[in-house]
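# Structural characterization, general
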Amino acid sequence: MTRILIADDEAELRGLLQRYLTEQGLSVRSVPDASAAAQLLARERFDVLVLDLMMPGEDGLSLCRRLRGQGETIPILMLTARSELVDRVLGLEMGADDYLAKPFAPRELLARIQALVRRQQQLGAHLGPPGDTAVRFGAFTLYPTQRRLVRDGEPVDISTVELNLLRALASQPNRPLGRDKLLHLAHGDDHGVSDRSLDVQIMRLRRLIEPDPSAPRHIQTVWGLGYVFLPEPDA
């Protein structure tokens, strides 16, 4: 059964969503703040975190950033009463996987949750079977099935979005990937990610793994097509 954690300070909304999603066959827990959400995530496994942007105390953006910094890879759907572009971009930069602006229909939230779950299932299907080999490039090693990235033996803080993108690139090394193909590999069929969002994700990934992001060695642009991952680029 799909397990959902909802963190929102509006008690009425929490109750409504918990009843509706439970009626749709999901297992739902709900909490009023970021602290309670973090405690539950430390003890239990959930498939999707529905996280309100604006909460008293620690807000949703801060919690999202903290979870990703701790290596938490749960898909995060951010709820916000604000629809400005800057909020959506900040959420993506902090590691959120999707956005939904209030007010919304519970049915739309259910569809977004189901899409996130499908993406995770598809990623497991088309990024290689269990036991696939580690990918080494520069000072880094990527363990695709374990969803871990290490540098010189030390774990690297990486968001779910960036990790999915790196796994997609590394699954087909030295092979130029068009944008549509890369988006499908990284985010599944229901990605809803724009070309601009993909460019932002690539930029952030380059900042993380490239010695000089302005002259990338491992993630290079193929003009007019997309990107290519080079574990050992030519000198």
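Throughout, residues of each chain are indexed from 1 in the direction in which the sequence is written. Confidence filtering applies because this is a predicted model: local features only for residues at pLDDT of at least 70, side-chain atom pairs given and counted only at 80 or more, and all residues used for totals across whole chains, interfaces and linings. Each side-chain value is worked out from all heavy atoms of the structure, with water and hydrogens disregarded.

Here we take up the overall build of the protein chain. Across its full length, the protein chain holds 8 helices and 12 strands. Throughout, a residue-residue contact means that at least one pair of heavy atoms, one from each residue, lies within 4.5 Å. Contacts in the protein chain between residues far apart in sequence, at least 24 positions, make up 56% of those at least 6 positions apart. Carbon and sulfur atoms make up 50% of the accessible area of the protein chain, which amounts to about 11400 Å² in all. A run of DSSP states H or I qualifies as a helix once it reaches four residues; a run of E qualifies as a strand once it reaches two. Both are numbered from the N-terminal end. Where accessible areas are quoted, they stem from the Shrake-Rupley method and a 1.4 Å probe; at the residue level, only the protein chains shown are allowed to cover.

Let us now look at unusual backbone geometry. Residues K102 and P103 are joined by a peptide bond in cis, for which omega reads -5 degrees. Relative to the helices and strands, P103 resides in the loop between β5 (98-101) and α5 (106-126). Unlike most non-glycine residues, D152 shows phi in positive territory, near 50 degrees. With respect to the element layout, D152 can be found in the loop between β8 (148-151) and β9 (154-155).

DSSP calls a pair of strands paired once it identifies at least 2 bridges connecting them. Reading across the sheet, the 5 strands line up as β2-β1-β3-β4-β5 and stay open at both edges, with parallel pairing between neighbours. The sheet is open, and its two edges are formed by β2 (27-31) and β5, each paired on a single side. This sheet shows a mean twist of 20 degrees between the axes of neighbouring strands, independent of strand direction. Taken strand by strand, helix α1 (residues 11-23) contacts β1 (3-7) and β2, and its axis lies near 170 degrees from that of β2. Structural elements are reduced to axes, namely lines fitted to C-alpha atoms, with helices fitted over the stretch in contact, and the angle between N-to-C directions of any two is expressed from 0 to 180 degrees. Packing against the sheet, helix α3 (residues 60-69) makes contact with β3 (48-52), β4 (76-80) and β5, and its axis sits at approximately 165 degrees to β4.

This part covers the sheet that holds β8. Reading across from one edge, β6-β7-β8-β9 is the order of the 4 strands in this open sheet, with antiparallel pairing throughout. Whereas interior strands pair on both sides, the edge strands pair on one side only; in this sheet they are β6 (135-137) and β9. With 2 bridges connecting them, β8 and β9 associate as antiparallel partners. Directly across from V150, in β9, lies its bridge partner P155. Helix α6 (residues 160-170) contacts β6, β7 (140-143) and β8 of the sheet and is inclined by roughly 90 degrees relative to β7.

Here the focus is helix α7 (residues 179-187). When accessible area is computed with a 1.4 Å probe and restricted to protein chains, residues below 20% of their type maximum are described as buried, those above 50% as exposed, and intermediate ones as partly exposed. Here α7 has its buried residues at L182, L183, L185, A186 and H187. Around the axis of α7, the buried residues are gathered within 165 degrees of arc, so they sit on the same side. G188 sits one or two residues past α7 and shows a positive phi near 85 degrees. Think of the arc as the fan of directions from the helix axis to the C-beta atoms.

What follows is about the pattern of salt bridges. A pairing counts as a salt bridge when a side-chain nitrogen of Lys or Arg comes within 4 Å of a carboxyl oxygen of Asp or Glu. Counted according to the given criterion, the structure contains 11 salt bridges. Two residues, D199 and R179, come together in a salt bridge whose shortest N-O distance is 3.0 Å. Taken together, the residues D199 in helix α8 (residues 195-209) and R179 in helix α7 connect sequence positions 20 residues apart. Given the relative accessible area of 23%, D199 is considered partly exposed. By relative accessible area, R179 is classed as partly exposed at 24%.

Detailed reading of predicted coordinates is not advised where the pLDDT is low. Here pLDDT means the predictor's own confidence in every residue, given as a number from 0 to 100. The predicted model of the protein chain has a mean per-residue pLDDT of 84, with 87% of residues at 70 or higher. Under a pLDDT of 50 for its full length, residues 125-131 has, in the predicted model, 11 contacts with residues more than four places off or in other chains.

Bringing the packing of helix α2 (residues 34-43) against α3 into the picture now. Interaxial distance between α2 and α3 falls to 10 Å at its minimum, and their mutual angle equals 25 degrees. Compared by their axis directions, α2 and α3 come out roughly parallel. In this structure, α2 meets α3 at a crossing whose hand is right-handed. Contacts between α2 and α3 involve A34, A37, A38 and L41 on the former and, on the latter, L63, R66 and L67. Oblique is the label for every angle not falling under 35 degrees (roughly parallel), over 145 degrees (roughly antiparallel), or within 65 to 115 degrees (roughly perpendicular). Take the far helix as the reference: if the near one is turned anticlockwise from it by less than a right angle, the crossing is left-handed, and if turned clockwise, right-handed.

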